[in-house]
Each structure stands twice: as structure tokens, then as C-alpha cells.
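Each chain, letter by letter, is given below.
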Amino acid sequence: MATFLYKVGRLAFRRRHYVALLWIALLTLAGVGAASAPAAGASSFSVPGTEAQKAFDLLEQRFPGMSADGATARVVFKAPAGEKLDTGANKATVEKTVKDLGDGSEVVSVADPFKGKAVSKDGTIAYASVKYKVSGMELKDASKDALKETAQQARASGLTVEVGGDALTATPETGSTEIIGIAIAAVVLVITFGSLLAAGFPLLTALIGVGIGVSTITALANALDLGTTTSTLAMMIGLAVGIDYALFIVSRYRAELAEGREREEAAGRAVGTAGSAVVFAGLTVVIALVGLAVVNIPMLTKMGVAAAGTVAIAVLIALTMIPALLGYAGKKIKPTGQKSKLLGGGRAVSAEKASRPNMGTRWASFVVRRPLAVLLLGVIGLGAAAIPAASLELGLPDDGSQPTSTTQRRAYDLLSEGFGPGFNGPLMVVVDAKDSKTPKADVTTVTDKIKTLKDVTTVTPATFNKDGDTATITVVPDSKPSSVTTEDLVHGIRDAGAQVKADTDSSVLVTGTTAMNIDVSQKLNDALVPYLILVVGLAFLLLIVVFRSILVPLKAALGFLLSVMAALGAVVAVFQWGWLSGLLGVEETGPVMSMMPIFMVGVVFGLAMDYEVFLVTRMREAHVHGEKPSQAIVTGFRHSARVVTAAAVIMIAVFSGFISSSESMIKMIGFGLAIAVFFDAFVVRMAIVPAVLALLGKRAWWLPKWLNRILPNVDVEGEGLRKLDSKDSDPDEDRELVRA
């Protein structure tokens, strides 16, 4: 592979005009496609195999037009101090608001609080329920704007009016945080390369790759039901790996220049060596993202595949456009150790300073001398950070986790004040009595059983469909939706339903937003182990091919698991226990978002393997070229520690920008990914990895002879390039490459 990519790099360097035009054409084509494609709404959300989804599907069949999974809004009214809502002008305002709420084209029904007994006992708080035809993710902006405007008009009368429910679900705006992350990345790149031009290349190619990827997703969104949220993950990961991959190739190019190679030869060798590592690092990220299909949540699968496509584009751009840009730059890109004149280059450097080992060399030398102490300190430190993960509680965020400044949170608090905390998460029990001879009696039995359960505040009378074979019962818990008590109640109702099924011919299903959240959390939790086995297993096999070793890939996988557990422990400590919550702006502690563990595993695994491949490949390269294991570790750090550190700092900065988001879910993701990259890059890859390799010595590179014979030789370390010399290069290599 190294030889093939070497030819690709030289071809791109020499034919840079064609390469640049090709990528510009692809970006233009994708942009035109995105601009001309029909606008797509948010992706439809379904969770196949869960009881809540089965109940939704059953309701669609038995209650046509009910829109069981349609969005809901609760417009909550509170009378001024000393007044009540059911008298005079206050009542007239509520009735007018109810009438206005029903005018929308997507509105199915609006429940009058005075007719539906939706007024608190003291008469000061009431709510109007609005039901929509489509889910909150598919609701048009016009409907959301009309809802907000109607509430605002009601406030003008002096009432307190807030809106809750999933009808106001919106994709959080994170544009400013991305800009901050890119700005920090630019500063780090300038410091790393000592050149504005060299620093600009990784940013330029990353933005082009993300532009092509996101534009393609937008162009296909309507046809493939990708929705507006699918591009978020693709943008985040595409930007991250795009900068990383270009950073490593540019850095290797400058190192080759420092060894005295001609620029075209240096570009070819940079792509042949660092580019080989980029290919396999990209493959690990793609495996992690495509592996999200294991969860069997269509929206999550689409997000993973879209992000994987963007990563593939980032790899191709790094292998082709970076050498093309290096060809345009010419002598403006300086060898390693030299800075541009603008940043202080050209000054005389003393012989003592020039011969002084860099920070990576000094650190690696220290670890090689004290490997056991470094290993124990790193493992004990991450183990201590991972302790809170034992108390991990999973759930999905609701309006109660929103900042107190939002109308959704204020509506949530008003409903809790007027009707109890469980009122914010009612459960819908569906009784399928189609095969029963006594459907009404069976429904009565179910109702009576539910009333005997703990944590039940209210059980409404059953509502039958036209055929009289299916009924719905609304159950209001006594505890808030995200509590463990409410989850226990859902399981209790399902256990009672199983008993009814055994005694009669009727089936009982529990659904609603709260039950769906519980089922999704359980589904994600159940999928975590199979996902880990798939992703880590495939990557383990891939790394065996890359490093031609058993112990190095095993060490890489175990180190990753340690860093992820430590990061999850930090997330639990902050967002569940409340440690440093004030500093990070966490207003409401509670269960960790159920998507967090599997999302963190997928994203962090890909980035962790990036650092592993880039760092250890350089060690492997030095070892293959004859250096002793301990010396190879120091050599690997001398050449790679600076750029790996820069890549990690950039990723931490990008992810940390999301901590400032007002959306609790985005804040949690940003913190989790930032702390995970910190643990993995600086504790695992920079400390534990060299310590383990130093302790293992030559055994680290052991591979059974029978396995060595059957494994393909991908030559990531560039051993085949030693046989090449710039003097022997063929001027018609591009034609040979095309024929190959």
C-alpha cells in the first residue's frame, strides 16, 4: 500500500491543477445539488421492536386519523396573584386562545381546559392540549411559529402563559461554537507548523471535505428521509478527522524535507507513509460509525452512515488534495524545525538549541526509564475517574432538563405545581381486545389492576375505537417522567398486562413519550455490548494487519475501554451527581442521556484509533528499520508526539465549544467527548501506551508464524519505499498508476 500511495502522492503533486479542479468541481456539484434539492423536514423517528412502537403502530390501525405518534403541545395558563382562571376576562382569554390554537393546518384537536377538567383544584392553573398530525421532528416551522404567537397574544392579557410538549422540538444552533473551535484549531496549527500557509492547508481541506459531505447529505435528504439532524454528526466528525488527517500528512512532508528530499519526492513519501496510516485510521472510524446500525434505530443508522461517508471523503482529500496544495506552495512550506519569516523564521539558532531533544523525546525517554510507575499511575488515575460510572443511570431528556429560561421548562414546572410531577409524563395504556369475547370486561380488569399499583395518581376511563375492540387508558404517575419510580411503574403495568394476557385473550401495551424514552434507553443499553464486540473486534483484526502484532492491538483496545469508562465516570459525576455543575452551567442533574455511552464509544473509538495508528505506526516503522524497541518508542515520540498533541488539543477545543450550548444534551455530548479525548490522547496514548511497549520490549511485535504467512502485507510503515530513490523515479509514473 505504501508504494501505491507514494505514486498517488507524486501524481497529485505533479498533476495538481487537475486534482484541484476535480475537488472544486465536486464541491460545486454537491453545492448545486443541495441548493436545488427539495427542502427536507426532520427525519421520521421510529424504534422497531419496542413495545411503545408496537402500540403506536396498533393505534394507527385501530384509531385512523388519531396520529398516535403526532406532536403534542400543552399551553399552560396561570392566573395573576389572587385571581382564578374560570371567571371574567381570564376565562375569556383562555377560550379565545383555545379557538386560535385550532386554526393550524397540522392541528388535529385542541382540548378546552374547562370542558376537559384540566384546571387545578385551586383554579389558578390550567392547560390546553394541542394534538398535531405529525411528530415534533416533522412539524413545520409555520405551525411552531403560530403556537408561539398565540401564546404571546395570551400573555398580553396579563396571564402567565407557557408552552410545553414536543411540538417545540428544535435542532439546537451550534454555529458559533463551531467557529470558536475552528479558530482555536487555526491557532494550534500555526504554533505546530510555525507557518500560516502550512496551518491553512488542513483547515482548507477539512472545510472542503465537510462542505462536500454535508451538501451531499442535504441533496439526498428528501429522497432518503435523512432529515435536518443527520448532518450534525457528519459535520462534527468530518471536521475533526479532516483536520487530523491533513495535519499528519503535512507534518510528515515537512519531516521528509528536513531529511533533504526533493519536494515531489517528499510529498510522495509523506502520502506513502502517513497516508497509509490515514487510510487505516479512517477505516476504524468508518467501522465505528457504520456499526451504529447494530442498535436498529433507523435515524441513528442514517446518521452513522452519513458521517462515515464524510470521513471517507476526508481520507480521499488528504491523500490527493494535500499533496496538490503542497505542490502549489513550493518553497513556502519549510522543513520541520524551520518557521516562516512572518513568525520569526530565518533567525540564527545556536548549536546547543538545535541539538536539544524536543519535548516528545524527553517525555518518551522518561517513560522508557520508569515504565511501571507511569503505567500504574495512569491506570489508577483512570480507574478512579471511572468509579462514578458504576452508578450510571440512563434516560432521555425531557422538558424538565431544559434551562429555566425556556418556556418548555417553565410550562413543565407550572404543570408540576398545579397537577403533580407525574402529570408531565402520562402513560398511554393500549388494550388490544380484538380476539376477546368480552373486550369491555377485559379493559375493566386492566383498569382495576392499574389502580392497585404504586405511584399511580390518576387512571382515566377507557376510550374505545369505533369497532369496540381496542381501548386506550391514560395513567398519570405520581413521580416525574425521568425518575426510576416512573420506570418501575411502566414495568409494573407491563407485568400486570402479561397476567391479563395469560387469563384472557387481550394484550396490554404501554406507550406514550415517557414509555418510548424508557424503551429507547433499554434498547440502547442492550445494544452496547454487541456494538462494542463488533466495533472493537473488527478494529482489532484491522490493527493486527496494520501492526503485524497481537499484543499491540490488544493493548490499544483495552486502553480505549479504560479511557471511555473514565470519561463516562466524569459525565456521571458532573451531570448526574452535580459535581462542578455550577462551573459548567448544568442547571438540572438527572439520568445521563441514554444515547451517550454508545455515541461516545463510536466517536471516541474512531479518534482514539487515529492517535494509536499515527503514534505507534511511527514506532513500528523505526523498529522495522532496525532500531531497538526502547529506541523505537523514543523515535516515534520524537516525530509524532507534537502533531498528535496538536490534533488532540484541536479536538478538545472543538468539542468543548459545545459545552456552552443551552441544550443539556449538546452540553453533555460536548463535555463527554472533550474529556474522553483528553483521557485517551494524553493518559492512554501518551503515557500508558509507551509504558506498556517498554515493558513488553520485542514481545510487543510478536506474531505467530502461521498468522504472519496468511496476513496480507499492507506495508503501512513504508518498508517498500526504502527500495525507491528519487533518482530512479519514472517520469511516466502517472500512466503506470492509471494502468494499475
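Residues numbered from 1 in each chain as written. Predicted model: local features only at pLDDT ≥ 70, side-chain atom pairs only at ≥ 80, totals over all residues. Heavy atoms only, no water.

S.K.: Account for the overall build of the protein chain, with residues named and values stated.
M.R.: Per the secondary structure count, the protein chain includes 24 helices and eleven strands. Counting over 740 residues, the protein chain shows a buried share of 55%. Taking the intrachain contacts of the protein chain between residues at least 6 apart in sequence as the baseline, contacts between residues at least 24 apart amount to 80%. Summed over all atoms, the accessible surface of the protein chain reaches about 31600 Å², with 60% contributed by carbon and sulfur. (Helix = DSSP H or I, 4+ residues; strand = E, 2+ residues; numbered from the N terminus. Buried < 20%, exposed > 50% of the residue type's maximum accessible area, 1.4 Å probe, protein only. Contact = heavy atoms within 4.5 Å. Areas by Shrake-Rupley, 256 points an atom, 1.4 Å probe, with all protein chains shown as cover.)

S.K.: If you had to explain helix α20 (residues 596-624) to someone new, which residues and values would you point to?
M.R.: Along its 29 residues, α20 runs 40 Å from first to last C-alpha, staying within 8% of the 42 Å computed at 1.5 Å per residue. Most of α20 is tucked away, with 28 of its 29 residues classed as buried. Of the residues one or two after α20, Gly 626 is the one with positive phi, at around 110 degrees. (Expected span 1.5 Å × (residues − 1).)

S.K.: Can you tell me about the pattern of salt bridges, naming the residues and giving the values?
M.R.: For the structure on display, the rule yields 18 salt bridges. Ionic pairing is found between Arg 62 and Asp 432, a salt bridge with its closest N-O pair at 2.8 Å. Of this pair, Arg 62 sits in helix α3 (residues 51-62) while Asp 432 sits in strand β6 (residues 427-432); the two residues are 370 residues apart in sequence, bridging distant segments of the chain. On the basis of relative accessible area, Arg 62 is assigned to the buried category, the value being 15%. On the basis of relative accessible area, Asp 432 is assigned to the buried category, the value being 17%. A salt bridge links Lys 555 to Glu 612; the nearest nitrogen and oxygen atoms lie 2.5 Å apart. Note that Lys 555 is positioned in helix α18 (residues 551-576) and Glu 612 in helix α20, a separation of 57 residues in sequence. Just as Lys 555 is buried, Glu 612 falls in that class too. (Salt bridge = Lys/Arg side-chain N within 4 Å of Asp/Glu carboxyl O.)

S.K.: Tell me what's going on with the packing of aromatic side chains, and back it up with residues and numbers.
M.R.: Here the structure, examined in full by the defined rule, presents eight aromatic pairs. Measuring from ring centre to ring centre gives 5.9 Å for Phe 678 and Phe 679, while their planes differ by 55 degrees; the resulting arrangement is tilted. Classification of Phe 678 as partly exposed rests on a relative accessible area of 37%. For the ring pair Phe 678 and Phe 682, a centre distance of 5.6 Å and an interplane angle of 45 degrees mean the geometry is tilted. Placement of both Phe 678 and Phe 682 in helix α22 (residues 664-696) is noted, with a separation of four residues, approximately one turn of the helix. Grouped by ring-pair contacts, the aromatic residues Tyr 127, Phe 419 and Phe 423 constitute a single cluster. Over the ring of Phe 13 we find Arg 16; its NZ or CZ atom is 5.4 Å from the centre of that ring. A cation over a ring is seen here: Arg 74 above Tyr 127, with NZ or CZ 5.2 Å from the ring centre. (Phe/Tyr/Trp six-rings, centres within 6.5 Å; stacked < 30°, edge-to-face > 60°. Lys NZ or Arg CZ within 6 Å of the ring centre and 35° of its normal.)

S.K.: Before we move on, can you summarise a nonpolar patch on the surface with the specific residues and values?
M.R.: Among the surface-exposed residues, Val 294, Leu 534, Leu 538 and Leu 541 lie close enough to one another that they form a single nonpolar patch of about 310 Å² accessible area. Looking at the element boundaries, Leu 541 is found in helix α17 (residues 513-547). (Patch = residues over 30% accessible without salt bridge, like charges linked within 9 Å, V, L, I, M, F, W, Y side chains within 5 Å.)

S.K.: Could you give an account of α18, with specific residues and numbers?
M.R.: Across its 26 residues, α18 extends 36 Å between first and last C-alpha, which sits within 8% of the 38 Å expected from 1.5 Å per residue. The element α18 is largely enclosed, with a buried count of 20 among its 26 residues. Just downstream of α18 lies Gly 578, where phi reads positive at about 95 degrees.

S.K.: Tell me about the confidence of the model for the protein chain, and please be specific about residues and values.
M.R.: Taken residue by residue, the protein chain gives an average pLDDT of 81. The fraction at 70 or more is 88%. Here helix α24 (residues 733-739) stands out as the element of the protein chain with the lowest mean pLDDT, 44, in contrast to helix α13 (residues 371-386), whose mean of 93 is the highest. Across residues 346-351, where pLDDT falls below 50, the model places two contacts with residues more than four positions away in sequence or in other chains. With pLDDT under 50 throughout, residues 733-740 is counted as low confidence; its partners more than four residues away or in other chains account for 13 contacts. (pLDDT = per-residue confidence, 0-100.)

S.K.: Give a description of the sheet that holds strand β3 (residues 125-132) that names residues and reports values.
M.R.: Sheet architecture is open: four strands sit in the order β2-β3-β1-β4, paired in antiparallel fashion. Looking at strand neighbours, the two that pair on one side only are β2 (107-111) and β4 (160-164), the edges of this open sheet. Each strand axis lies, on average, 20 degrees off the axis of its neighbour in the sheet, ignoring direction. Relative to β3, β2 runs antiparallel, the two being bridged by four bridges. (Pairing = 2+ DSSP bridges. Axes fitted to C-alpha atoms, helices over the stretch in contact; angles between N-to-C directions.)

S.K.: Please set out the packing of helix α9 (residues 263-290) against α20 residue by residue, giving values where relevant.
M.R.: Packing of α9 against α20 brings their axes to within 8 Å, and their N-to-C directions diverge by 160 degrees. Between α9 and α20, the angle is such that the two are roughly antiparallel. Where α9 crosses over α20, the handedness of that crossing is right-handed. Residues Ala 274, Ala 277, Val 278, Ala 281, Gly 282, Thr 284, Val 285 and Ala 288 of α9 pack against Gly 602, Phe 605, Gly 606, Met 609, Asp 610, Val 613, Phe 614 and Thr 617 of α20. Per-class residue counts for the contact of α9 with α20 are ten nonpolar, five polar and one charged. (Parallel < 35°, antiparallel > 145°, perpendicular 65-115°, else oblique. Left-handed = near helix turned anticlockwise from the far one by under 90°. Nonpolar A, V, L, I, M, F, W, Y, C, P; charged D, E, K, R; others polar.)

S.K.: Lay out the packing of helix α1 (residues 2-14) against helix α10 (residues 298-329) in plain terms, naming residues and giving numbers.
M.R.: Closest axis-to-axis distance for the α1/α10 pair is 7 Å, and the angle between their directions is 45 degrees. Considered as vectors, α1 and α10 are oriented oblique to each other. Read as a crossing pair, α1 and α10 show a hand that is right-handed. For the pair α1 and α10, contact is made by Leu 5, Val 8, Gly 9, Ala 12 and Phe 13 and by Leu 319, Thr 320, Pro 323, Ala 324, Leu 326 and Gly 327, respectively. The residue inventory of the contact of α1 with α10, partitioned by class, reads eight nonpolar, three polar and no charged.

S.K.: How would you explain the side chain of Arg 494 if you had to name every residue and give the values?
M.R.: Note on placement: Arg 494 falls in helix α16 (residues 484-503). By relative accessible area, Arg 494 is classed as buried at 15%. With near-sequence residues (within four places) excluded, Arg 494 lies in contact with Glu 51, Ala 52, Val 510, Ala 515 and Asp 519.

S.K.: Break down the pairing of strand β1 (residues 72-78) for me, citing the residues and quoting the values.
M.R.: Within β1, five of the seven residues are buried, which leaves it mostly tucked inside the rest of the structure. Direction of pairing for β1 relative to β3: antiparallel, over a ladder of seven bridges. Residue pairing in the sheet places Lys 78 in a bridge with Ile 125 of β3. Where β1 and β4 come together, five bridges link them in antiparallel fashion. Each residue of the ladder has a partner; that of Lys 78, found in β4, is Thr 160.

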